[in-house]
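# Coordinate inspection notes
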Amino acid sequence: MLRRLSFALLLLPLALSLHAQKPEAALSDGEIEQLREAAYYPSDRVLLFIKLLDNRNKSIQDLFARPRKPGREQDTHDLLEQFTAIADELNDNLDDYGPRHRDIRKALPKLVEATERWSSNLKTPPDDEAYNVSRRLALEAVHDLHDQATQMIEEQKAWFLAHPPPKENKNAPIDPPR
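As the structure is a prediction and not an experimental result, all values here were calculated from the model. (Residues numbered from 1 in each chain as written. Predicted model: local features only at pLDDT ≥ 70, side-chain atom pairs only at ≥ 80, totals over all residues. Heavy atoms only, no water.)

On the surface, Asp88, Glu89, Asp92, Asp95, Glu140, Asp144 and Asp147 cluster together into a negatively charged patch. Breaking the negative patch down by element, the ones donating at least two residues are helix H4 (72-97) and helix H6 (132-162). The biggest single contributor to the negative patch is H4, with 4 residues. Within the element layout of this structure, Glu140 appears in helix H6. A relative accessible area of 41% places Glu140 in the partly exposed class. (Patch = residues over 30% accessible without salt bridge, like charges linked within 9 Å, V, L, I, M, F, W, Y side chains within 5 Å. Areas by Shrake-Rupley, 256 points an atom, 1.4 Å probe, with all protein chains shown as cover. Salt bridge = Lys/Arg side-chain N within 4 Å of Asp/Glu carboxyl O. Lys, Arg positive; Asp, Glu negative; His and termini not counted. Charge placed at Lys NZ, Arg CZ, Asp CG, Glu CD. Helix = DSSP H or I, 4+ residues; strand = E, 2+ residues; numbered from the N terminus. Buried < 20%, exposed > 50% of the residue type's maximum accessible area, 1.4 Å probe, protein only.)

We now examine helix H5 (residues 107-122). Residues lying three or four places apart along an α-helix face the same way, a consequence of the helix completing one turn every 3.6 residues. The end-to-end C-alpha distance of H5, which contains 16 residues, comes to 22 Å, matching closely the 22 Å that a straight helix rising 1.5 Å per residue would cover. Every buried residue of H5 is listed here: Ala107, Leu108, Leu111, Val112, Ala114, Thr115, Trp118, Asn121 and Leu122. Elements that come into contact with the buried residues of H5 comprise helix H3 (42-65), H4 and H6. (Expected span 1.5 Å × (residues − 1). Contact = heavy atoms within 4.5 Å.)

What follows concerns unusual backbone geometry. Its identity is not glycine, yet His101 carries a phi of approximately 55 degrees, on the positive side. Here His101 is to be found in the loop between H4 and H5.

For the rest of this paragraph, the subject is the confidence of the model for the chain. With 80% of its residues at a pLDDT of 70 or more, the chain has an overall mean of 86. The model gives residues 5-9 a pLDDT under 50, and that stretch makes 0 contacts with residues more than four places away or in other chains. The low-confidence segment residues 14-23, where pLDDT is below 50, has 0 contacts with residues more than four positions distant or belonging to other chains. (pLDDT = per-residue confidence, 0-100.)

Our next topic: the packing of H4 against H5. Across the interface, H4 lies against H5 with an axial gap of 14 Å and an inter-helix angle of 155 degrees. In terms of their interaxial angle, H4 and H5 are classed as roughly antiparallel. In the packing of H4 onto H5, the handedness of the crossing is left-handed. On H5, the residues touching Leu80, Phe83, Leu90 and Leu94 of H4 are Leu108, Leu111, Trp118 and Leu122. Of the residues that constitute the contact of H4 with H5, the class distribution is 8 nonpolar, no polar and no charged. (Axes fitted to C-alpha atoms, helices over the stretch in contact; angles between N-to-C directions. Parallel < 35°, antiparallel > 145°, perpendicular 65-115°, else oblique. Left-handed = near helix turned anticlockwise from the far one by under 90°. Nonpolar A, V, L, I, M, F, W, Y, C, P; charged D, E, K, R; others polar.)

Shown next, in the form of structure tokens:
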């Protein structure tokens, strides 16, 4: 019993220091709110994720477009981790939309195009030990998104060909009669 207590007391400072190193959230409060608002519109949500990832990608590019400032490598590492977290969240959303046959046909080609752009842009910063692992994880996340989006384009074409969505009657009254 005493042995366990002393072991727990030894681990307590380690646990506190790990808690202090909690990473920053990948999304700001405003971005989270935007995603909540787009939750009921899958295509809009995918497009919003593309916009968020484009913003992170541009921030990474901006770090290397300007003269070097102290902390650039750590900033690059942090942005790459944010990029990966957002890409993983988008991947999770796509996993959910696929089996439920959510109509995201208009957003998927834009996602495929964006993944190609992100992949080449993430490779442009020079090698550095501070962010090489984060970059590799971000590139893997982009590759996974590309593969999933490409596969979903074909699945969605086949599904909506076999199950066309109902057409809206443009001549119907806006408010149904009471």
